[in-house]
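The chain contents come next:
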Amino acid sequence: MVERIATAVGTPNIALIKYWGKRDDRLILPMNSSVSMTLDEQLNTRTSVLFSEKLQADTVYINGTVQDINGTEVGERMVVLDILRGMAGDKRKALVVSNNQFPTGSGLASSASGLATLTYAAAGALGLELQPRELSMVARRGSGSACRSMMGGIVEWRKGDKPDGSDSYAEQIIKPGEWPELVDVMAILTESRKKVSSRAGMKQTVQTGILYRSRLDYVEGAVERAIDAMRKRDFQALGELIMRDSMNMHATMLDTWPPIMYLDDSSKEIIYKVQELNQSEGRIVGAYTFDAGSNANIIALEKDVGKITDMLEGLGSVKNILKLKMGNGPRRLGDGESLIDGTGLKPVA
Ligand code: DP6
């Protein structure tokens, strides 16, 4: 069998209407649909994969450190390798070398970026030619939000209804070049890891939340309204939906038992400052959104980025500000950019 090293680069995405809660933990089927913006390569994961008869076991390096994959969350996420091996009828073990190239000190780690890129590179290493939709369903099994990083621009993850998950996949809604003015201004507040993982946090919310049920009644309609606003390039309508959905998701977290709080005082300060800015301008200039952490993402139109960065620069808690555009989704890199030393079956020095 041909042995080939495939290398790919992929990026995170920021959810505009959030995924929070699974109806099937093993297949990673969500309770609700979600929609996100794939980000550009300023934040990226680069991954090389090699399947080889010479390997006795799957071996995974992340940021230079070999990972324990027995009974761990990283190991669980490597199910994408098994799924792709099954599709290719290939039993060889894999060497995975993956580096997150996020600005130093940003403290950002992204399972979405990691799993989308791994899926893309591993499919390439096995010689599988899969459509983006099929790839998104494989990536979904590693991390739900990763399915949306399999495509560029604005991407919807349709929740689907089938128990086998065959209708739960990502679909591109808007290509990056079609609305280049839409950007994400990321305010990095903390470098520390979150206390509760998204995986654990959403499970607890589904199990114990009272408000969570009312989120499910509203959120599917919010996805539709957000997509409609984006198709019309109506930032005013979109901005309100983004802010309200983020607050709604965080409200369901507060309401779980024991409570989960990802927002801290600095995040709240940003919420108030953005509200003030929007009020003083008489329109939505920026729309804040927070994932399972305290760092803020402020979605805005290019023309208003200056107003937002000026506001953020005045806050002592903001460590770093990044302006991210829409990205194109994962792509293959050439052999010269491989992270695997093929002859030695190890990461390049
Ligand atoms: C708050 O995709 O990280 O970022 O499927 O368990 O791997 P798993 O969870 P993950 O959850 C992301 C949650 C979120 C919202 C979102 O990205 O939609």
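How each quantity is defined
- Residues numbered from 1 in each chain as written.
- Predicted model: local features only at pLDDT ≥ 70, side-chain atom pairs only at ≥ 80, totals over all residues.
- Heavy atoms only, no water.
- Near = heavy atom within 4 Å.
- Polar contact = N/O pair within 3.5 Å; in protein donor to acceptor, adjacent residues only side chain to side chain.
- Areas by Shrake-Rupley, 256 points an atom, 1.4 Å probe, with all protein chains shown as cover.
- Nonpolar A, V, L, I, M, F, W, Y, C, P; charged D, E, K, R; others polar.
- Domains from an automatic or database assignment.
- Pairing = 2+ DSSP bridges.
- Helix = DSSP H or I, 4+ residues; strand = E, 2+ residues; numbered from the N terminus.
- Axes fitted to C-alpha atoms, helices over the stretch in contact; angles between N-to-C directions.
- Buried < 20%, exposed > 50% of the residue type's maximum accessible area, 1.4 Å probe, protein only.
- Lys, Arg positive; Asp, Glu negative; His and termini not counted.
- Salt bridge = Lys/Arg side-chain N within 4 Å of Asp/Glu carboxyl O.
- Contact = heavy atoms within 4.5 Å.
- Buried area = accessible area lost by both parts, 1.4 Å probe.

Here we take up the site of the ligand. The environment of the ligand is made up of 18 residues, and the closest members are Tyr19, Lys22, Gly144, Ser145 and Arg199. Contacts to the ligand include Arg77, whose side-chain N or O atom sits 2.9 Å from an oxygen atom. One of the side-chain N or O atoms of Arg148 is found 2.8 Å from an oxygen atom in the ligand. About the coverage of the ligand: the protein hides 95% of its 460 Å² of free accessible area. Of the residues belonging to the shell around the ligand, the class tally is 7 nonpolar, 5 polar and 6 charged. Split by domain, the shell around the ligand shows at least three residues from each of two domains, domain 1 (5–176 + 330–347) and domain 2 (182–324).

What follows covers the sheet that holds strand β11 (residues 170–174). Strand order in this open sheet of 4 strands is β2-β5-β10-β11, and the pairing throughout is antiparallel. Lying at the two open borders of the sheet, with one neighbouring strand each, are β2 (13–17) and β11. On average, each strand axis in the sheet is inclined to that of its neighbour by 35 degrees, with strand direction left out of account. Judged from the 4 bridges that link them, β2 and strand β5 (residues 34–38) form a sheet pairing that is antiparallel. Bridge pairing in β5 places Ile17 opposite Val35.

The topology assignment puts Lys22 in strand β3 (residues 22–24). No salt bridge is formed by the buried Lys22; its nearest oppositely charged neighbour, Asp25, is found at 5.3 Å. Within polar-contact distance, the side chain of Lys22 engages the side chain of Tyr19 at 3.2 Å. Those residues in contact with Lys22 that lie beyond four places of it in its chain are Ile28, Leu29, Pro30, Met31, Arg199, Met202 and Val206.

Taking every second residue as pointing to the same face, both faces of strand β13 (residues 286–289) are buried, with Gly286 and Tyr288 on one and Ala287 and Thr289 on the other. Of the strand pairs in this sheet, β13 and strand β14 (residues 296–301) are connected by 4 bridges, and their pairing is antiparallel. Paired with Tyr288 across the bridge in β14 is Ile298. Hairpin remark: β13 followed by β14, antiparallel, with 6 residues in the connecting loop.

Tracing the backbone through its elements, the reader meets Met186 in strand β12 (residues 182–188). Under the relative-accessibility criterion, Met186 is labelled buried at 7%. In the structure, Met186 is positioned 75 residues away from Met261 in sequence and 20 Å away in space, judged by C-alpha atoms.

Turning our attention to the environment of Pro132. Of note, Pro132 is situated in helix α4 (residues 132–142). For Pro132, a relative accessible area of 41% corresponds to the partly exposed category. Considering only alpha carbons, one finds Pro132 and Cys147, 15 residues apart in sequence, at a separation of 9.4 Å. For Pro132, the residues in contact, after removing those within four places along its chain, are Met150 and Met151.

Here the chain is partitioned into domain 1 (5–176 + 330–347) and domain 2 (182–324). On a C-alpha basis, the centroid separation for the pair domain 1 and domain 2 is 25 Å. Contacts between domain 1 and domain 2 engage 36 residues on the former and 46 residues on the latter. For the pair domain 1 and domain 2, the summed buried area comes to about 3400 Å², and 66% of that belongs to carbon and sulfur atoms. When the buried surface of domain 1 facing domain 2 is broken down by residue, Ile17, Lys18 and Trp20 rank first, second and third, together holding 25% of it. At the surface where domain 1 touches domain 2, the tally comes to 3 salt bridges. Taking the shortest distance from any N to any O, the salt bridge between Glu76 and Arg199 comes out at 2.8 Å. Looking at the side of domain 1 that touches domain 2, the elements that each hand over two or more residues are β2, β5, α1 (73–77), β10 (154–157) and β11. It is β2 that provides the largest number of residues to the side of domain 1 that touches domain 2, a total of 4 residues. Taken together, the residues that form the side of domain 1 that touches domain 2 break down as 17 nonpolar, 10 polar and 9 charged.

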